[in-house]
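# Results of the structural survey
Spelled out from the first residue to the last, the chains are:
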Amino acid sequence: KTPIHLKVLFEKNIAKHLAETPLSNTQKLTPHNEQQVLLEATVHETLELKWWLQGFGDNIEVLAPLPLRDKFKAVADSLSRVYSNV
């Protein structure tokens, strides 16, 4: 598989453990604003990566690559439809 350049906004309190346990050796963490940190890393897009990211729920925002962002948006839209019927 071709590596992807991942960009994800993490809530600052969650991003702390990323500094201790990097996602890859290319990982870079940059303050984005008072509440968020931007994670950038070159990684392989795997099911494990998607599950790991999904485990953070609404505490993250996938920015890039766009196809991965679109997948997360589709899941969020689907969940919104499911829970709006309750």
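I will try to describe carefully the structure that is included in this document. (Residues numbered from 1 in each chain as written. Predicted model: local features only at pLDDT ≥ 70, side-chain atom pairs only at ≥ 80, totals over all residues. Heavy atoms only, no water.)

### What to know about a nonpolar patch on the surface
Defined as follows: To count toward a patch, a residue needs a relative accessible area over 30% and no salt bridge; like charges are then connected within 9 Å, while nonpolar side chains (Val, Leu, Ile, Met, Phe, Trp, Tyr) are connected within 5 Å. Accessible surface area values rest on a Shrake-Rupley calculation with a 1.4 Å probe, where residue burial reflects the displayed protein chains alone. Just to be clear on terms, a salt bridge is a Lys or Arg side-chain nitrogen sitting within 4 Å of an Asp or Glu carboxyl oxygen. Only runs of H or I of at least four residues qualify as helices and only runs of E of at least two qualify as strands under DSSP, and these elements are numbered from the N terminus.
A cluster of nonpolar side chains, namely V75, L79, V82 and Y83, defines an oily patch on the protein surface of about 390 Å² accessible area. For Y83, the position within the fold is in helix α3 (residues 66-84).

### Some words on the pairing of strand β3 (residues 36-44)
Every other side chain in a regular strand lies on the same face of the sheet, so the side chains alternate between the two faces. The line we're drawing: Exposed residues in this analysis have more than 50% of their type's maximum accessible area, buried residues have under 20%, and partly exposed residues fall in between, with area computed by a 1.4 Å probe over protein chains only. By this definition, two strands are paired if DSSP reports at least two bridges between them.
In terms of burial, β3 is a largely internal element, seven of the nine residues being buried. Bridge count between strand β1 (residues 3-11) and β3: nine bridges; the pairing is antiparallel. When the bridges of β3 are listed, L6 appears paired with A41. Summarising the sheet, strand β2 (residues 28-31) and β3 pair through four bridges and their orientation is antiparallel. Bridge assignment links P31 to a residue of β3, and that residue is V37. Connecting β2 to the antiparallel partner β3 that follows it, the hairpin turn spans four residues.

### Looking at the nonpolar core
For the record, the criterion: The nonpolar core is taken to be a set of buried Ala, Val, Leu, Ile, Met, Phe, Trp, Tyr and Cys residues, with the residues joined through side-chain atoms within 4.5 Å. Note on contacts: a residue pair is in contact if any heavy atoms of the two residues lie within 4.5 Å.
Within the largest apolar cluster, 18 residues are counted, with the highest numbers of intra-cluster contacts made by L6, V8, F10, L53, I60, V62 and L68. Residue assignment for this core shows that the elements contributing at least two residues are β1, α1 (12-20), β3, α2 (47-54), β4 (60-64) and α3. Setting aside anything within four residues of it in sequence, one finds L6 in contact with L23, L39, E40, A41, V43, L49, L53, A64, P65 and L68.

### With respect to the sheet that holds β4
What counts, and what does not: An axis is simply a line fitted to the C-alpha atoms; with a helix, the fit covers only the stretch in contact. Between two such axes, the angle follows the N-to-C directions and lies from 0 to 180 degrees.
Across the sheet, which stays open at both edges, the four strands sit in the order β2-β3-β1-β4 with antiparallel pairing between neighbours. Each edge of the open sheet is held by one strand with a lone partner, namely β2 and β4. The average undirected angle you get between the axes of adjacent strands in this sheet is 25°. This element, α1, spans β1, β2 and β3 of the sheet and lies at about 135° to β1. Against the sheet, α2 contacts β1, β3 and β4, and its axis sits at roughly 10° relative to β1.

### Things to note about the packing of α2 against α3
Note the cut-off: Under this scheme an angle from 65 to 115 degrees is roughly perpendicular, one under 35 degrees roughly parallel, and one over 145 degrees roughly antiparallel; angles in between are oblique. If you view the pair so one helix is near and one far, a crossing is left-handed when the near helix is turned anticlockwise from the far one by less than a right angle, and right-handed when it is turned clockwise.
One way to put it is that α2 packs onto α3 with a least axis distance of 12 Å and a crossing angle of 50°. Taken as axis vectors, α2 and α3 run oblique relative to one another. Where α2 crosses over α3, the two elements pack in a sense that is right-handed. Residues K50, L53 and Q54 of α2 form the contact with α3, whose own contacting residues are L68, K71, F72 and V75.

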